[in-house]
Amino acid sequence: MTFKSGFVTIVGRPNVGKSTLINKIIGQKIAIVSSKAQTTRNKIAGIYSTDNAQVVFLDTPGIHKPQNALGQYMVKAATSAMNEADAIWFVVDATAPRSTGEDYIIDRLNKIKDTPKYLVVNKVDLIKDKNELLKTIASYTDVEWDEVFPISALKGEQVDTLLDSIVDHLEEGPQYFDKDQITDHPERFLIAEIIREKVLQLTRQEVPHSVAVVIDAITKNENEKLK
């Protein structure tokens, strides 16, 4: 049996649902989610493995016009990941009109040749009038898309179909990671990210958005029963 593998970069503006999508695919939380823009700061690999395929999804920071050094770093991380991919998923929000932010990303997408590009229109569960959905899709026709998928990452609608499509299009390749590995980041990084997610969710102006979390030590409760 032929084994397929490859890297898929997920790009889009902040808050379009990239992290929600990768968490849905992997089946566990590996990328934090909040309503605040630029929550994701680093490229986070989500590893999806089956008996005959392995897809490494790169969840990137939302591409935006940077206002500071942190923003510049995040945008550079996202755009560099686009050049490294075997395929690119451009995620847009079905409930929001196209903006200059999408124009910025599309300009870069059109400069990347010979890499399959997917338009992934997320949050379709919030659209009552499907004609509005068609208008949204029609506003992105200035890219030669290999596939267009309306989905709901939150509810899982059409996510399996999107996943099947990318596996079908991958070429034969090696297994890059162990089958039971779901991310390339260590446990310490994931713990720090989950803490930062809670900070962003539970605070407002009193905590800077650029807050960082450093783990000094990790202890395990040996008496805790396994669930």
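Quick notes on the rules
Residues numbered from 1 in each chain as written. Predicted model: local features only at pLDDT ≥ 70, side-chain atom pairs only at ≥ 80, totals over all residues. Heavy atoms only, no water. Helix = DSSP H or I, 4+ residues; strand = E, 2+ residues; numbered from the N terminus. Buried < 20%, exposed > 50% of the residue type's maximum accessible area, 1.4 Å probe, protein only. Contact = heavy atoms within 4.5 Å. Phe/Tyr/Trp six-rings, centres within 6.5 Å; stacked < 30°, edge-to-face > 60°. Lys NZ or Arg CZ within 6 Å of the ring centre and 35° of its normal. Core = buried A, V, L, I, M, F, W, Y, C linked by side-chain atoms within 4.5 Å. Pairing = 2+ DSSP bridges. Salt bridge = Lys/Arg side-chain N within 4 Å of Asp/Glu carboxyl O. Polar contact = N/O pair within 3.5 Å; in protein donor to acceptor, adjacent residues only side chain to side chain. Arc of directions from axis to C-beta. pLDDT = per-residue confidence, 0-100. Lys, Arg positive; Asp, Glu negative; His and termini not counted.

Our next topic: the overall build of the chain. Scanning the chain for helices and strands turns up six helices and six strands. Listing each helix as α and each strand as β along the chain from the N terminus yields β-α-β-β-α-β-α-β-α-β-α-α. By the burial criterion, 46% of the 227 residues in the chain qualify as buried. Across the chain, the fraction of contacts at a sequence separation of at least 24, relative to all contacts at a separation of at least 6, is 72%.

Of note in the backbone geometry, K123 takes a positive phi value of approximately 70° without being a glycine. For K123, the location among the structural elements is in the loop between β5 (117–122) and α4 (130–138). At Q158, a position not held by glycine, the phi torsion is positive, near 65°. Secondary-structure assignment places Q158 in the loop between β6 (147–150) and α5 (159–169).

On inspection of all chains with the given rule, the structure shows six aromatic pairs. Ring centres of W89 and Y118 lie 6.4 Å apart, and the angle between their planes is 50°; this geometry places the pair in the tilted category. Of the two residues, W89 is situated in strand β4 (residues 87–93) and Y118 in strand β5; the sequence distance between them amounts to 29 residues. The residues W89 and Y118 share a single accessibility class, namely buried. One aromatic cluster in this structure is built from F57, W89, Y118 and F149. Between the NZ or CZ atom of R108 and the centre of the ring of Y104, over which it lies, the distance is 3.6 Å.

Ranked by size, the top nonpolar core spans 25 residues in total, and within it L21, I25, F57, W89, V120, I151 and I166 carry the most contacts. Mapped onto this core, the elements with two or more residues apiece are β1 (4–11), α1 (18–26), β3 (53–59), β4, β5 and α5. Sort the elements by how many residues they give to this core and α5 lands first, with five residues.

Counting buried positions along β1 yields six of eight residues, so the element is predominantly enclosed. Where β1 and β3 come together, seven bridges link them in parallel fashion. Bridging across to β3, T9 finds its partner in L58.

For the rest of this paragraph, the subject is the pattern of salt bridges. In this structure the tally under the stated criterion is eight salt bridges. Notably, a salt bridge pairs R108 with D107, separated by 3.5 Å at the nearest N-O pair. On the basis of relative accessibility, which here comes to 28%, the residue R108 falls in the partly exposed class. Residue E132 pairs with K135 through a salt bridge whose shortest N-O separation is 3.6 Å. Taken together, the residues E132 and K135, both in helix α4 and three residues apart, mark about one turn of the helix. The exposure class of E132 is partly exposed, given its relative accessible area of 38%. One connected set of salt bridges, linked through shared partners, spans R98, D103 and D142.

Attention shifts here to the side chain of Q54. Topologically, Q54 is positioned in strand β3. Since its relative accessible area comes to 0%, Q54 is described here as buried. There is a polar contact of 2.9 Å between the side chain of Q54 and the side chain of S49.

Bringing helix α3 (residues 100–109) into the picture now. It helps to recall that an α-helix has 3.6 residues per turn; residues three or four apart then point in one direction. Among all positions of α3, only G101, E102, I105, I106 and L109 are buried. The buried residues of α3 all sit within an arc of 130° when viewed along its axis, so they share a single face.

On to the confidence of the model for the chain. On average, residues of the chain carry a pLDDT of 80, and 70% of them reach 70 or more. Scored below 50 in pLDDT, residues 32–41 shows 46 contacts in the model against residues more than four places distant or in partner chains.

Along the chain, D125 falls in the loop between β5 and α4. Of the side chains with opposite charge, K155 lies nearest to the buried D125, which makes no salt bridge, at 4.3 Å. A distance of 2.8 Å separates a polar atom in the side chain of D125 from a polar atom in the side chain of S152.

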